[in-house]
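Read off the chains here:
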Amino acid sequence: MTWKPIQDEPIPKQAKGLIIPGGFPENHAEQLSSCTQSMKSLRDFFGRRPIYAECGGMLLLGQTLTDLNGKVHKMAGLIPFNATRGSVKVGYRNINCKRNGLITTRGDQLIGHEFHHWELNINNPRAREAHINYLSNKKTNTLWKVRGWGTKETEEGWSGKFLHASWIHLHWPSSPKIMNSWRESLDQTK
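Each value, and the rule that gives it
- Residues numbered from 1 in each chain as written.
- Predicted model: local features only at pLDDT ≥ 70, side-chain atom pairs only at ≥ 80, totals over all residues.
- Heavy atoms only, no water.
- Salt bridge = Lys/Arg side-chain N within 4 Å of Asp/Glu carboxyl O.
- Helix = DSSP H or I, 4+ residues; strand = E, 2+ residues; numbered from the N terminus.
- Buried < 20%, exposed > 50% of the residue type's maximum accessible area, 1.4 Å probe, protein only.
- Pairing = 2+ DSSP bridges.

Peer 1: Whenever I open this one, the pattern of salt bridges confuses me. Can you help?
Peer 2: Where charged atoms from two side chains of opposite charge come close, those side chains can pair. This model, assessed by the stated rule, comprises five salt bridges. A salt bridge links Arg93 to Glu114; its shortest N-O distance comes to 2.7 Å. Taken together, the positions of Arg93 in strand 5 (residues 82–97) and Glu114 in strand 6 (residues 109–121) put the pair 21 residues apart, joining distant regions of the chain. Residue Glu114 is classed as buried on the basis of its relative accessible area of 9%. Residues Lys98 and Glu155 are paired through a salt bridge, measuring 2.8 Å at the closest nitrogen-oxygen approach. Linking Lys98 in the loop between strand 5 and strand 6 with Glu155 in strand 8 (residues 154–160), this pair joins segments that are 57 residues apart in sequence. When its relative accessible area of 22% is taken as the criterion, Lys98 is described as partly exposed.

Quick look at the structure:
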């Protein structure tokens, strides 16, 4: 089944989990922001059923998203960041998982790819407040450490019982465990 947030539709009731792939939501930030039914549905789904969001898909989960013209638009408000235009980040990444998460286990070594022009900012007072509230509620944790050619090792992503959100497009065949973990997470929601 599919979900088309840009058409302001709710997540199908039969959905046991949600995969939000990469894309370019900044091209449609104003329209997405006005899709109140889609955003409410996403907020209602969050924390109850598994969500896997990568790259552009992750941007839907943030507080705000700046469009191509520099205008700021509200998103679902689930993860404590504001997404703004930044420098290009591209390349393969080696990933060391810091803790157990929706589809990962502490110590897993994975491979993925990163390609985006946006950056996540928690320096805005509203995002900082959301980040503090997030940490105090302990809904999620930093997912992993990421290394790549020409980049410093950084901590990145969000992880929780029902959440995996990251810039990284994981290479699922690099670890069959990913698919098994996703399937198990769906079984937990019966």
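What follows continues from the structure just given.
Peer 1: Can you help me understand the pairing of strand 5 in this one?
Peer 2: Across two bridges, the pairing between strand 3 (residues 64–66) and strand 5 is parallel. Directly across from Leu65, in strand 5, lies its bridge partner Ala83. In the sheet, strand 5 pairs with strand 6 via 12 bridges, with the strands oriented antiparallel. Directly across from Thr84, in strand 6, lies its bridge partner Glu119.

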